[in-house]
Amino acid sequence: MSNESTPAIESIIVSLKQEKVIAYPTEAVFGLGCDPDSETAVHQLLDLKQRPWEKGLILIADTYEQLKDYIDDAQLTEDQKQAMFATWPGPVTWVIPAKATTPKWLTGRFDTLAVRVTDHALVKKLCRHYGKPLVSTSANLSGFEPCRTTEEVIAQFNDRVPVLDGNVGGRQNPSEIRDAKTGELYRKG
């Protein structure tokens, strides 16, 4: 895959730098995302989704290195890390202890953070060119089904979010969510 950025990705990166919420395809559905370090953008995303901040959010990344500023993986054993790495890149989200410096607008009421290293080529490219992970939550208004096409995103959100046009991966279900310390399954994939 070429490392060259596309005009579409460049346009989305401009939106991210302007603290806007964006929509982009993921493994199963379109995601709504934003810069995880922008409290303004995260609150816009939560307002748009009508999602309470206490629930916390997921970060999606190109590489594990992009997540290290947000998670405290020193609290994980080598076996726990290996179990996690065995599923990445891929559609499994792991809940990991958060660093004390990780903003509450990401962790919600928890001292953990849900993170995923994606295998979706377009999202990997976007995160790589932006240089950091993105917030990732399903692109749908409260009470509506998650969007699976650019057209569905536009229909639900009108022109309120710029959309990175592309295809979702072949998965039918959202990512599986597991606890990295206990292995507990929070959401089946």
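Above this text you will find the structure in question.
Residues numbered from 1 in each chain as written. Predicted model: local features only at pLDDT ≥ 70, side-chain atom pairs only at ≥ 80, totals over all residues. Heavy atoms only, no water.

Bringing the overall build of the protein chain into the picture now. If you tally the helices and strands in the protein chain, you get 6 helices and 8 strands. Moving toward the C terminus, one meets the helices and strands of the protein chain in the order α-β-β-α-β-α-β-α-β-α-β-α-β-β. Over its C-alpha atoms the protein chain spans a radius of gyration of 15 Å, differing by no more than 12% from the 16 Å that the globule rule assigns to 189 residues. Projected onto the principal axes, the alpha-carbon positions of the protein chain cover approximately 45 × 40 × 30 Å. Here the protein chain holds 189 residues, and the buried ones make up 51% of them. Excluding contacts between residues fewer than 6 apart, the proportion of contacts in the protein chain whose partners are at least 24 apart in sequence is 67%. Taking the average location of the 22 positive side-chain charges in the protein chain and that of its 26 negative ones, the two points are 2 Å from each other. (Helix = DSSP H or I, 4+ residues; strand = E, 2+ residues; numbered from the N terminus. Rg over C-alpha atoms; globule rule 2.2 N^0.38 Å. Buried < 20%, exposed > 50% of the residue type's maximum accessible area, 1.4 Å probe, protein only. Contact = heavy atoms within 4.5 Å. Lys, Arg positive; Asp, Glu negative; His and termini not counted. Charge placed at Lys NZ, Arg CZ, Asp CG, Glu CD.)

Mapped onto the secondary structure, threonine 26 falls in the loop between strand 1 (22–25) and strand 2 (30–33). Using a relative accessible area of 5% as the deciding quantity, one classes threonine 26 as buried. In this structure the side chain of threonine 26 is engaged in a polar contact, spanning 2.5 Å, whose partner is the backbone oxygen of valine 29. Excluding its chain neighbours within four sequence positions, the residues that come into contact with threonine 26 are Gly31, Ile60, Arg116, His120, Val123, Ser136, Val168 and Gly169. (Polar contact = N/O pair within 3.5 Å; in protein donor to acceptor, adjacent residues only side chain to side chain.)

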